[in-house]
Every structure is written in C-alpha cells, then in structure tokens.
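Structural overview
Letter by letter, the chains look like this.
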Amino acid sequence: MLVAVGVLALLAGLFGLILGFAAVRFRVEGDPLVEKIDAVLPQTQCGQCGFPGCRPYAEAIAKGEADINCCPPGGQAGVDSLAELLGVESKALDPERGEHKPPMVAIIREPECIGCTLCIQACPVDAILGAAKQMHTVIESECTGCELCIEPCPVDCIDMVEIKPVLATWTWDRPKSERIGVAG
Amino acid sequence: MSLLHEQDFHGGLRGLPEHKELSTGQPIGELFMPSRLVLPLCQGVGAEAEPVVTVGERVLKGQLLAQAKGSLSTALHAPTSGQVSAIEPRLVPHPSGLPARCIELVPDGEDRWGELPRLADPLSSPPEVIQAVIVAAGLAGLGGAGFPTAVKLGVQGRPVKTLLINAAECEPYITCDDMLMRERAAAIAEGIQILRHLLAAGQVVVATEDNKPEAAAAMSRALAGLPECEILSFPTAYPSGGEKQLIELALGKQVPYGGLPLDIGVVCLNVGTVYAVRQAVMAGEPLISRIVTVTGDGANSPGNYEVLIGTPVNELVAHAGGATDGVERCIMGGPMMGFMLPNDRVPVIKTTNCVLLMQTEVPAVQQPTMPCIRCGACADVCPASLLPQQLYWYARAENSEKLEHYQLFDCIECGCCSYVCPSRIPLVQYYRAAKGEIVEQQAARAAADIARQRTEFRAARLAAEKQQRAERVAKKKAALKEQGSNPEADAKKAKIAEAMKRVGKLEAPSAESADEQP
C-alpha cells in the first residue's frame, strides 16, 4: 500500500517536472490561431468590421468576441475559409457591414488637392505620398482600396476607381454553359 | 531517315481530320505591302518592349522600334521603311479581346533597308557573338507561345547533348512549317549548323510527322553529309509537337516535373525559329516577317504566305484571295489551340502561324453540356498523363489545393480531353479558368502580405514617433527643472520675486484704497 502510494507520488512529481519543463522550453510565442485567422483576412485594413484593422479583428475572432461574417472585402469566399479554419458553420456576409466590391484603388484628382495631409494620416498602409501644402498622390500598387482616405479629404478630391483587367492580369472565364446541380 | 515507333508519349489523338492538303497546293506567297502595320509591344510571352522611336519619326526597314525590357522580353523592329504614326493601345490578337500598347507604322512604299550587321563567317565566330546577334534580332519561338529564343539559347555553359528541331506541326490545317521545309531546307540546314555551333550540341534531331513526306525528303537532302544529324518521322498524332511530348517521342526521355528540357541536356526549337536564326545571323535580318497559313473552308484560295509582322489580318486575307461569304469565325492558330479573333483588323504577330477561316463550327463545344459519366476517355488521351476528370471536379469545386496536387499547371491546354468528351464538357476551359483563379489568388495573397507588413510598419512607426515625442517633452521638463536648480538662475528668480513683492506691497494698498473709494 505505502509502496504503491510512494510510486504514484514519485511518478506524479516526475511528470509534473517534465510538463513544467516542457511548458517553459516549448512555449509558443503569441497566439497561433490569431496568425492563422490574420492570414485568411484580406489585409485591406478598412475597419468595416468595426475593429481598427485586420489583426484586431483576427484577435477578436480568436477570442470569440466577433463573428466571422463581418469582412466585406474578403467576401463570401473569405467567410467560408474562416468557417473552414475555425471548424464552424459558414454564414452569409453581414449586409450591415457593407457589400463585397470588386478590387478598387484610390485616385487623387491632383489639381484639386490642397496638400492638407489628412489622407496621408488616414492611410493604414502608408500608400499616399505628399507633404503639407504639396500635392499628394496615391502609390497605386500599395493601395488596398480601404476607402479610409475618402472621408477626411476636405475638398473631396479622391475617387475610388475599379481596377480593370489588362492583358497581363487577364484570365479565362469559366464556361458559361455550366449546368449547375447536374454534373456537380 | 529512320522510323521509330518504340517510343511514344501517353495519350494524344490519332486520326484527326487533318485538312493539310488544302494549303499545300501552291508555293509560299510573296511578301506584300499592307497599308499600315500594327506592332504590339508584347509579341507573346514576357514583358512589353520599350519603344525607342517617337510618333512621327521616319524609320528604315529592320530598324529597332522597341528594345527588350527585362530578361523575358523581345526587341521589335520595323518590318518596312516608313513613318511611325502612333504609339497607343490597340486591339491585339489575344483571346481576351483587350487592347495593348502597339506601334503603328505607315509604310512609305520604298521598303528601304537600314544597315544590317551580318556575321561573315558565323561558324568560326565565338558563341557569345552569335548569341548577341540573336538577342538583338528579337527572335521569339515561332511555333506557339513566342518564348524569347535568346533565353532558350542562353544555356550558360550547361551541356547540351541534343538539339531537337520541332517540325511536327501536329495541329490540323496548319502547314507553314511544312512549306518552309519544302522550299527553304538549305537555309534551315544552315540555321541548324549555326545553332549546333552556338550550343556545342553533339547530336541534332529533326522530328517531323509522317504526313509531311516532301518536307522530310527535302530536309534529308539538305542535311545529307552533316554528322550526328538525323531526321525522325513519326506517325501523325496530336499533340506530338508539344515540347515535352516531342522530347519523349524523339529521345525517349521525360522532362522532370517543374524542370526544363535543358535539365536533361536538350534544347528544342521550332523549325521556323531555326530559319529565323539563320536569317538573323547570316543575312542580318531581324524577325520582321514569317510564314502564315491562310486556310479553312472559308478561304477562297488557301495557301501559305510570307507576311510582314504587323500586317492586319483583313489585309492578309484579302491578299490571299479573300474569304467566302458564309465565314462565321476567324481563328488565329489551329482548330485545337487557336482562339477566335475579336475582329479581323488585329495584326499578325510573331506567333501567328495560321489564320483559319471557318464556315462551320469546328469542335463540338457549342452543343449543350451533359453530366460527366466518368468514362475516363479524357484520361486516356491526356498527353501530360494527368487525370482530367479529377481536375474537372476540383476546378468546379474551386479546390485550388487539390488542383495543384493533381498538377493542374502541367496541363498544356491541348484540348484532347474536351475533344473526346462524350458529354461535351469544355474541360480545357475549366482548367484555364482554374489556372487563372489560382494565379489571381496567389497574387492577392502576396499583395495582402505586403499590406500586412506596411500596416505593421506603420504601427511601429507611429509608436516610435509617439515615444520620441514623449521623450522630447520629458527632456524639456527635465531641462527646465535643471534650470531651476541653477544658482545663477536661482539668484535671478529670487531678485524677481523680491521685486514682485515690492511691487505687490506698493500696489496692494492702492488697490485696497481703490476698492474703498466707491
């Protein structure tokens, strides 16, 4: 009896030490779930989800504080992949957050710009170039189309323009004669 | 000439209606001068060339119009002498029907050559010199995709065992390589010698199909006496002219997955490209013309024509005897891999091997699609040994992970699977769309990663700025405090305080008296 208790106590102590060592030695920095969710989000940084950027939204989803259908730029495909990642039922995109739009880019009507720098301060990805009382311009390749620069502009000189396909980015369409629900 | 049957590639279509005899009845038509030439800055694979001429400039035949930009790009030259009338987006021969930047040239009718830098004795010139000529001549693969020839030939010291000349011309209707070999075999042989010297290739194999006996005979006459040089003639099968298929057919070797023919010591060039190499090196002529087959049941006088690059298709068709009244479709390329032209004013480019005028529908893709019955016919004919059925399901399900697992990107889009599908499913169209979607997804992921980095950097920058500001304020406060403990300043302050007290004492009673007055 005593031997058994002693052996078990010894084992418990031993495993406790191993676990304690492992907890320190193999500690995971940060929350890997947040990283995974953040990788699925489109990184538009538009804040339409109600959080100040994609990462805060990812953190909120990981904590269970936000729903997965709050990201209009990600579209329904984004909601679906979040659902798959988290192992939950997918749902329709929340229409209150806005609608899914084709990729856009902000363009400043440069003759009208007064050089107030407000849009520069609003841009979440530093994609607007300019200085006080100098004309500003958007670095189009870096613009995520978040529309955050539109509202602060005092002279309304920023347009959101749809990105049209050019020869280099054009891809084939799916067949139009698809018979949905038969062959699938 | 030897016949090899033991090596073969998987799948393919045998016994396709060829219709090649339509366009082989007459010799290659002479060059003609169109009213204008439209030269897209991108003539196939790779980046747009950079124009070096301006609108209004007069140019001579063979003069450089646009130089190659980046490593995967080809230079563009003036096909005739004349004046540059525009550099602007125009409709180009591309399945998208989208415009792209072009140089428009109005010929002056003189057709005057500029200076031509030709090599007197190419076979004793160092390979670098020949390579430089090929780079400057703007050569692109004339067989299909227009891959820059100079890139293919830039082997950088890697050993080349075999130079494989692709003369299979496996698609129905097309006969431009056939006619080229029949009429200009001697020049092709010179091209082969130049390329063998350039690549230091041990063996040369010219691979053709057995439906071109005259061309094969002409080539064997021209190549007689050349050591380690043979002509192989294979039973006609589509797509034996695919690079990987031809290598397997002719040499019995497979190009490794994701690799290049050079990895197994092979360089494969189209026979038309070989002729263009000869013209560039020995005659100094850059790539400004090519042979185009004009054929189909809608062509009045089907045949092959030497055509300046940039010639509008409608002028070529008019020169070639015109089209019959009932023409419904104008296809660039063959019936299997070609595409419908958005209109007939688009130009001939370096990769245009055929203009097909059709009265009737070519393949049966326009008929209603039926469900897949899992018959497996597509897998039997796939020359890349893929599983078209699986790819089809995953393409429909948009499962890009599985599609890549089933090696979607090894699909050469030959169209064999769609051709044999009894349910008439446009399989290739699904694969093309799926490839495009995957490429788009990857691009979106890359852009998102950059946006994430930029956001994180901005957050770090704002935090750093805030900290710096806080530090500055703290420093100022500290400096003020320090000033406070300075003895000189203390003395000054004490004096000021004393003075203020005196003033206060003087002022205070008067203020009080002033208060008392009312």
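Now for a description of the structure that goes with this document.

Conventions we followed
Residues numbered from 1 in each chain as written. Chains lettered and ligands numbered in written order. Predicted model: local features only at pLDDT ≥ 70, side-chain atom pairs only at ≥ 80, totals over all residues. Heavy atoms only, no water. Phe/Tyr/Trp six-rings, centres within 6.5 Å; stacked < 30°, edge-to-face > 60°. Buried < 20%, exposed > 50% of the residue type's maximum accessible area, 1.4 Å probe, protein only. Lys NZ or Arg CZ within 6 Å of the ring centre and 35° of its normal. Helix = DSSP H or I, 4+ residues; strand = E, 2+ residues; numbered from the N terminus. Polar contact = N/O pair within 3.5 Å; in protein donor to acceptor, adjacent residues only side chain to side chain. Contact = heavy atoms within 4.5 Å. Buried area = accessible area lost by both parts, 1.4 Å probe. Nonpolar A, V, L, I, M, F, W, Y, C, P; charged D, E, K, R; others polar. Pairing = 2+ DSSP bridges. Expected span 1.5 Å × (residues − 1). Arc of directions from axis to C-beta. Disulfide = S-S within 2.5 Å. Salt bridge = Lys/Arg side-chain N within 4 Å of Asp/Glu carboxyl O. Patch = residues over 30% accessible without salt bridge, like charges linked within 9 Å, V, L, I, M, F, W, Y side chains within 5 Å. Areas by Shrake-Rupley, 256 points an atom, 1.4 Å probe, with all protein chains shown as cover. Lys, Arg positive; Asp, Glu negative; His and termini not counted. Charge placed at Lys NZ, Arg CZ, Asp CG, Glu CD.

1. Structural notes on the packing of aromatic side chains
According to the stated counting rule, one finds five aromatic pairs over all chains in the structure shown. Between the aromatic rings of Trp170(A) and Trp172(A), the centroid separation amounts to 5.3 Å while the plane-to-plane angle is 55 degrees, which identifies the pairing as tilted. A relative accessible area of 22% places Trp170(A) in the partly exposed class. An aromatic cluster of at least three residues, connected via ring pairs, comprises Tyr392(B), Trp393(B) and Tyr430(B). Over the ring of Phe9(B) we find Arg14(B), and its NZ or CZ is 5.8 Å from the ring centre. Its guanidinium or amino end placed over the ring of Trp172(A), Arg432(B) lies 4.2 Å from that ring's centre, counting from NZ or CZ.

2. Some points on the side chain of Gln245(B)
Residues and elements named next belong to chain B. Tracing the backbone through its elements, the reader meets Gln245 in helix 5 (residues 243-251). Residue class for Gln245 comes out buried when judged on its relative accessible area of 4%. At 3.2 Å, the side chain of Gln245 forms a polar contact with the backbone oxygen of Pro383. Leaving out residues up to four positions away in the same chain, Gln245 has contacts with Phe9, Pro239, Ser240, Pro383, Ala384 and Ile412.

3. Some thoughts on the interface of chain A and chain B
Often, the extent of an interface is quoted as the loss of accessible area on bringing the components together. Of the residues lining the interface, 33 residues belong to chain A; the matching set on chain B comes to 31 residues. For the pair chain A and chain B, the summed buried surface comes to about 2900 Å²; carbon and sulfur atoms form 53% of the total. Looking at the side of chain A facing chain B, the largest losses of area belong to Leu167(A), Trp172(A) and Arg174(A), adding up to 26% of the total buried there. Between chain A and chain B we count 13 residue pairs in polar contact (both at pLDDT 80 or more) in total. When residues in the side of chain A that touches chain B are grouped by element, the largest group, three residues, is from helix 2 (residues 32-40) of chain A. Residue classes in the side of chain A that touches chain B are distributed as 18 nonpolar, eight polar and seven charged.

4. With respect to the pairing of strand 13 (residues 303-308) of chain B
All names here are of chain B. Counting buried positions along strand 13 gives six out of six residues, so the element sits mostly inside the fold. Examined bridge by bridge, strand 12 (residues 289-295) and strand 13 share six bridges and lie antiparallel to one another. Opposite Arg290, over in strand 13, you have Val307 as the bridge partner.

5. Digging into helix 4 (residues 75-86) of chain A
Residues and elements named next belong to chain A. Helix length check: helix 4, at 12 residues, gives a terminal C-alpha distance of 17 Å against a target of 16 Å (1.5 Å per residue), a fit within 8%. Buried residues of helix 4: Gly75, Gly78, Val79, Leu82 and Ala83, and no others. Angular distribution of buried residues about the axis of helix 4 spans 140 degrees; they occupy a single face of the element. For helix 4, the exposed residues set more than 90 degrees away from the buried face come down to Ala77 and Glu84. On its buried face, helix 4 is in contact with helix 2 and helix 3 (54-63). Directly after helix 4, the chain includes Gly87, whose backbone phi takes a positive value near 70 degrees.

6. Section: the state of the cysteines
Residue and element names in this part refer to chain B. Under the defined criterion, the tally for this structure stands at zero disulfides over all chains. Cysteine Cys268 shares no disulfide, and the gap to the nearest cysteine sulfur, in Cys170, comes to 12 Å. Free cysteine Cys411: the closest other cysteine sulfur is in Cys417, separated by 6.4 Å.

7. Re the pattern of salt bridges
Pairs can form between side chains of opposite charge once their charged atoms are near each other. Residues and elements named next belong to chain B. Under the criterion given, the structure shown has 31 salt bridges over all chains. Among the salt bridges present, the one from Arg158 reaches Asp263, with a minimum N-O distance of 2.6 Å. You can see Arg158 sitting in the loop between helix 2 (149-153) and strand 8 (162-167) and its partner Asp263 sitting in the loop between helix 5 and strand 11 (266-270), a full 105 residues away along the chain. In this structure Arg158 comes out as partly exposed when scored by relative accessible area, which is 39%. Assessed through its relative accessible area of 39%, Asp263 is described here as partly exposed. Ionic pairing is found between Lys435 and Glu413, a salt bridge with its closest N-O pair at 2.8 Å. Of this pair, Lys435 sits in helix 12 (residues 427-484) while Glu413 sits in the loop between helix 10 (400-405) and helix 11 (416-420), and the two are 22 residues apart along the sequence.

8. Topic: a positive patch on the surface
Residues and elements named next belong to chain B. A cluster of like positive charges, contributed by Lys466, Arg469, Arg472 and Lys476, occupies part of the molecular surface. Note that Lys466 resides in helix 12. With relative accessibility at 61%, the residue Lys466 sits in the exposed group.

Remember that the coordinates give geometry; whether it matters functionally is a separate question.
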